[in-house]
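An overview of the molecular structure
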Amino acid sequence: MSQSIISIKKLRKHFPVKNVWGKDIALVKALDGVDLKIENGKTFGIVGESGCGKTTLMRTLLRLVEPTSGSVVLSEDLNDGKFSSNNLEELTNEELRRFRRQIGVVFQDPMGALNPRMLIKDIVSEPLVIHGKTANIREKVIWLLNNVGLGEEHLYRYPHEFSGGQRQRIVIARALALDPKILVLDEPTSALDVSVQAQILNLLNDLQEKYSLTYIFISHDLSVIEYMCDRLAVMYLGKVVEEAETEELFSNPQHPYTKALLSATPSFDKDKEKIMILGDVPSPITYLDESKAKLATEMTEQERLEIKSIEGKGIDYIVRSSLNEVFPLKKVATSHYARVK
């Protein structure tokens, strides 16, 4: 196994819920004890439905939000004697500023990530200006644009003059401006057409090989995840429910939620097993009043009605309430972990 560039240990992020008098009555457990190791030079995928904690994990990794508990441990490749501690949460403001030079971010919506009033030359050069790397800045910007398939003729245009795929190339060029070692890709292709998605994914693969980059790839598109990622973690309600090498996880899923996600992937195989997830997503809110604290594990009336509606149709299913019972993450095969009995 390759050396880990970042190790996440028991990471938790809880957001308080207050009543009308300003008193804390509950917690939203956006992250609830996440343990991960990101390998150097590989692509680590994080997948799950909306609200499972993927983006909160990214924001906590960048310390855009402070963790409630747990730690993010940096490898010597990221530290290299530059910081007083290997723990991200112990870095000073100046050290944190230097740490962020080593991580680039590519966002989901390229138009939302670009300032519509700025020229492309100013957008791509902004990180260089902020961090005081202004020597030969024009040549550096042109070199960055050339790296993503654009050129000098695009310097004096505004974001609205580009297609969605071109805008995402500009976002990638800006993310590479400070020569980072890690790129965090938060749904980088979900706002693009399918043909353009393929171009952007191939560009990312080329850049990774060229500059030995480590990717943290966040998505809910399993076909994209399967194509891009070396290793994969499946999240549900702030927890990692399964983690394995991508090929192993797709061929041998263990957790019922993972099986249901994989069965939902579009396929031309009419005989492919379909597993429906019945019931509503439970609230991530945990009440401080212990009588309301535990998520219900008994089947709800709605789930019973949904089961009745598909009876006799030969459809396999799981119910949300059955996923509320949390098991410890255990090893089920080599480098394969899952929350199963």
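Residues numbered from 1 in each chain as written. Predicted model: local features only at pLDDT ≥ 70, side-chain atom pairs only at ≥ 80, totals over all residues. Heavy atoms only, no water.

Turning to the overall build of the protein, a few remarks are in order. A tally of helices and strands in the protein yields 14 helices and 14 strands. Structurally, the protein occupies a C-alpha span of about 65 × 50 × 45 Å along its principal axes. Among the 341 residues that make up the protein, the fraction classed as buried is 48%. Contacts in the protein between residues far apart in sequence, at least 24 positions, make up 67% of those at least 6 positions apart. Of the roughly 17200 Å² of accessible surface on the protein, 50% is carried by carbon and sulfur atoms. If you average the places of the 44 positive and of the 47 negative side-chain charges in the protein, the two averages end up 4 Å apart. (Helix = DSSP H or I, 4+ residues; strand = E, 2+ residues; numbered from the N terminus. Buried < 20%, exposed > 50% of the residue type's maximum accessible area, 1.4 Å probe, protein only. Contact = heavy atoms within 4.5 Å. Areas by Shrake-Rupley, 256 points an atom, 1.4 Å probe, with all protein chains shown as cover. Lys, Arg positive; Asp, Glu negative; His and termini not counted. Charge placed at Lys NZ, Arg CZ, Asp CG, Glu CD.)

Moving on: the side chain of Lys239. Mapped onto the fold, Lys239 is located in strand β9 (residues 239-245). Not counting the four nearest positions on each side in its chain, Lys239 is found in contact with Asp32, Val234, Val326 and Arg339.

Take helix α8 (residues 194-211) next. Between the first and last C-alpha of α8 there are 26 Å, a value that for 18 residues agrees with the 26 Å anticipated at 1.5 Å per step. For α8, the full list of buried residues reads Val196, Gln197, Ile200, Leu201, Leu203, Leu204, Leu207 and Gln208. Seen along its axis, α8 keeps its buried residues to an arc of 160 degrees; they face one direction. Exposed and facing more than 90 degrees away from the buried side of α8 are Val194, Ser195, Asp206, Glu209 and Lys210. (Expected span 1.5 Å × (residues − 1). Arc of directions from axis to C-beta.)

If you want to describe how two helices pack, look at the angle between their axes and the distance between the axes. Between helix α7 (residues 164-175) and α8, the shortest axis-to-axis distance is 10 Å and the interhelical angle comes to 20 degrees. In this view, α7 runs roughly parallel relative to α8, as classed from their interaxial angle. When you trace α7 past α8, the crossing you get is right-handed. Contacts from Gly165, Gln168, Arg169 and Ile172 in α7 reach Val196, Gln199, Ile200, Leu203, Leu204 and Leu207 in α8. Class assignment for the residues of the contact of α7 with α8 results in 6 nonpolar, 3 polar and 1 charged. (Axes fitted to C-alpha atoms, helices over the stretch in contact; angles between N-to-C directions. Parallel < 35°, antiparallel > 145°, perpendicular 65-115°, else oblique. Left-handed = near helix turned anticlockwise from the far one by under 90°. Nonpolar A, V, L, I, M, F, W, Y, C, P; charged D, E, K, R; others polar.)

When its volume is computed, the largest pocket comes out at roughly 560 Å³. Taken together, 17 residues form the lining of the largest pocket, with Arg100, Ile103, Val105, Pro127 and His131 sitting closest to its centre. Of all elements in the fold, only α3 (93-100), β5 (103-106), α5 (120-130) and α7 reach the threshold of two or more residues within the lining of the largest pocket. Looking at side-chain class alone, the lining of the largest pocket contains 10 nonpolar, 2 polar and 5 charged residues. (1 Å grid on protein atoms, 1.4 Å probe; cavity = no way out; pocket = protein on both sides within 12 Å on 5 of 7 lines; lining within 4 Å. Points joined across faces, edges and corners; volume = space filled by probe spheres on them.)

Turning to the sheet that holds strand β7 (residues 214-219), a few remarks are in order. Read from one edge to the other, the open sheet built from 8 strands follows the order β5-β6-β7-β3-β8-β9-β14-β13, with strand pairing classed as mixed. Unpaired on one side and paired on the other, β5 and β13 (330-333) mark the two borders of the sheet. Strand-to-strand twist of the sheet, defined as the mean angle between neighbouring strand axes without regard to direction, takes the value 20 degrees. Contacting β3 (43-47), β5, β6 (182-186), β7 and β8 (231-236), helix α1 (residues 54-61) runs over the sheet at an angle of about 150 degrees to β7. (Pairing = 2+ DSSP bridges.)

Turning our attention to the nonpolar core. Membership of the largest hydrophobic core comes to 56 residues, with the highest contact counts inside it found for Ile172, Leu204 and Phe217. In this view, Ile172 contacts Val106, Val148, Ile200, Leu203, Leu204 and Leu207; residues no more than four positions away in its chain are not counted. With 32 residues, the next largest nonpolar core counts Ile46, Leu61, Ile103 and Ala233 among its residues. (Core = buried A, V, L, I, M, F, W, Y, C linked by side-chain atoms within 4.5 Å.)

On to unusual backbone geometry. Positioned with a positive phi, Arg63 is a non-glycine residue whose angle comes to about 55 degrees. Relative to the assigned elements, Arg63 resides in the loop between α1 and β4 (69-74). Exposure remark for Arg63: the relative accessible area of 12% places this residue in the buried category. Of note, Asp179 is a non-glycine position whose phi angle comes to about 55 degrees, a positive value. Along the chain, Asp179 falls in the loop between α7 and β6.

Attention shifts here to empty space enclosed by the protein. Gaps between atoms show up when a probe of the same size as a water molecule is rolled over them. In total, this model carries 1 cavity of 30 Å³ or more according to the counting rule given. Considering only enclosed or pocket space, the largest cavity measures out at about 30 Å³ in volume. As for the largest cavity, its lining consists of Thr60, Arg63, Pro67, Val72, Leu88 and Glu89. Per-class residue counts for the lining of the largest cavity are 3 nonpolar, 1 polar and 2 charged.

As a packed pair, α5 and helix α6 (residues 137-147) sit with axes 10 Å apart at the nearest point and diverge in direction by 110 degrees. Taken together, the axes of α5 and α6 are roughly perpendicular relative to one another. Considering how the two elements wind past one another, α5 and α6 form a crossing that is right-handed. Across the interface between the two elements, Ile120, Lys121, Val124, Ser125, Leu128 and Val129 of α5 pack against Ile137, Lys140, Val141, Leu144 and Leu145 of α6. Broken down by class, the residue content of the contact of α5 with α6 amounts to 8 nonpolar, 1 polar and 2 charged.

Moving on, we come to the sheet that holds strand β2 (residues 24-39). Within a sheet, adjacent strands bond to each other through the backbone by hydrogen bonds, running parallel or antiparallel. What the 4 strands build is an open sheet, ordered β4-β1-β2-β11; its pairing is antiparallel. The open sheet has two edge strands with one neighbour each: β4 and β11 (285-287). Across the sheet, the axes of successive neighbouring strands diverge by a mean angle of 30 degrees, strand direction being ignored.

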